[in-house]
Amino acid sequence: MTAGPHLPERTPRAKDQPTALDGLLVVDFTRVVAGPACTQMLADFGAEVIKIENPDGGDDTRAYEHAEIAGESAAFLSLNRNKRGIALDFTNPRALEVARALIAKADVVVENFSGGVMKKYGLDYESVAPINPRLVYCSISAYGRKGAFALRPGFDPITQAESGFMSLNGFPDGEPVRTGPPIVDMATGMSACNAILMALLARDKLGRGQRVEVALIDIAVAMTGFYGMAYLISGNNPGRFGNSPNGSPTVGVYRASDGPLYMACANDRLYRRLVTEVLERPDLVTDPDFSHRKARTANREKLRAIIAGVFATDTLENWMAKMKKANIPVGYLRTVEEGFNAPEVRDRDRLSRIPHPTAGAVPNIETPLNMSLTPTVDPVAAPLLGQHTKDVLRRTLGYDDRRIAELAEAGAFGKAIPTRGTDE
């Protein structure tokens, strides 16, 4: 096992700065990726997010095997920052009482169970809206909560495949390729967060909350973007272009004598600067085969071979210096290790380490959102399973120790999770 990269301590936020979502109570019934990504974003900006987990193992990502530290998985740590965690056994009526009591106080509920699960336990929107009319209730699913596919389970790569999104990824002579990171899940989480915030703004105007729904299949279709729109206009099925959209010979990966780079010269102006100021081949402007974009696309293999031959004659750093001087869009083709240690990332303070109750400290990747007046809260590591059960019941619901002990005795928190908690 290799040693992890050096991570600095995080600089605390100024004590007098407000947060964007202070006072917002979110009850989080989500697990895996899309839902937790949504609620983590709300938590990062000051919402109180109470994450409810099954005491028998908790969120599925707790067992993901990418990497772990002190028994906590990389996946779970990356998606559940700044939340308070409690454990409730929904098969126990007393646990459902606690869940309903939390919903009654909540501003937002987010859930991504399979279709019918929340209704089975009386926690669906129709059941809880009468007791909390101002509630914004967000459901995240694969295929929506209505229609013929409402009960069908689905995951990020399935919706990538079924929407046509995956067919756009990869090389023309190969099979479609799913994205490495679960991009549809992440985009769904961000979209759900946006929808929740819009519903909260609407609540201020209308005086009541509403149901919000975001489906992975809808997001995957939307993410086909202008390729999907081009199909609707032309009727032509778009294909795969590898690293060069539409087969552009001046967009994609090229190799210098000692390493790869990624270049994006997508218009005539950039192309002229590339071939005259960088490659020193002005004939590639005057040659009618390459004089305008359509001609270059028609003769892309010929042009690509010429450009590749020129790049192979010099080192990566020399080419990078020339291209940056000519203001050509270009970048290094980096691994995750190289990217995370690059100045573009390190200089923006994207990575840090934060305290953790059992590991001592865990890595932290900052939220990509920045706000000048209401910055993110100081990050708190993802909770241990059931870590804040007692604390949430005491502080949020006003339960005394005797009532909490009765719930524990009745099995509301499951067999494996005691009513441990912290007052942090």
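What you are looking at is a predicted structure, and each value in this text was computed from that prediction instead of being measured.

A. Broad picture of the overall build of the protein chain. A count of helices and strands for the protein chain gives 18 helices and 13 strands. Looking at the protein chain as a whole, 46% of its 424 residues qualify as buried. Sequence separation of at least 24 residues holds for 69% of the intrachain contacts in the protein chain that already meet a minimum separation of 6. For the protein chain, the exposed area adds up to about 21900 Å²; of that, 56% sits on carbon and sulfur atoms. Side-chain charges of the protein chain comprise 50 positive and 51 negative groups, with the mean position of each set lying 4 Å from the other.

B. Up close: the pattern of salt bridges. Tallied over the full model, the rule gives 23 salt bridges. Among the salt bridges present, the one from Lys-322 reaches Asp-314, with a minimum N-O distance of 3.9 Å. Overall, the relative accessible area of 32% leaves Lys-322 in the partly exposed class. In this structure Asp-314 comes out as buried when scored by relative accessible area, which is 18%.

C. Representation of the packing of aromatic side chains. The final tally for this structure, using the stated rule, is nine aromatic pairs. On the numbers, 5.9 Å between centres and 55° between planes, the contact of Phe-29 with Phe-90 is tilted. Of this pair, Phe-29 sits in strand 1 (residues 25–29) while Phe-90 is found in the loop between strand 5 (83–87) and helix 3 (93–105), placing the two residues 61 residues apart along the sequence. This pair shows no difference in class: Phe-29 is buried, exactly as Phe-90 is. Seen in terms of ring centroids, Phe-311 and Trp-319 are 5.1 Å apart; in terms of plane orientation they differ by 80°. Their pairing is edge-to-face. For Trp-319, a relative accessible area of 3% translates into the label buried.

D. Spatial organisation of empty space enclosed by the protein. A full pass over the atoms with the stated rule returns three cavities of 30 Å³ or more. Considering only enclosed or pocket space, the largest cavity measures out at about 70 Å³ in volume. What lines the largest cavity is simply Ser-248, Pro-249, Thr-250, Cys-265, Ala-266, Asn-267, Tyr-271, Arg-293, Arg-296 and Thr-297. Partitioned by chemical class, the residues of the lining of the largest cavity number four nonpolar, four polar and two charged.

Calculation criteria
- Residues numbered from 1 in each chain as written.
- Predicted model: local features only at pLDDT ≥ 70, side-chain atom pairs only at ≥ 80, totals over all residues.
- Heavy atoms only, no water.
- Helix = DSSP H or I, 4+ residues; strand = E, 2+ residues; numbered from the N terminus.
- Buried < 20%, exposed > 50% of the residue type's maximum accessible area, 1.4 Å probe, protein only.
- Contact = heavy atoms within 4.5 Å.
- Areas by Shrake-Rupley, 256 points an atom, 1.4 Å probe, with all protein chains shown as cover.
- Lys, Arg positive; Asp, Glu negative; His and termini not counted.
- Charge placed at Lys NZ, Arg CZ, Asp CG, Glu CD.
- Salt bridge = Lys/Arg side-chain N within 4 Å of Asp/Glu carboxyl O.
- Phe/Tyr/Trp six-rings, centres within 6.5 Å; stacked < 30°, edge-to-face > 60°.
- 1 Å grid on protein atoms, 1.4 Å probe; cavity = no way out; pocket = protein on both sides within 12 Å on 5 of 7 lines; lining within 4 Å.
- Points joined across faces, edges and corners; volume = space filled by probe spheres on them.
- Nonpolar A, V, L, I, M, F, W, Y, C, P; charged D, E, K, R; others polar.

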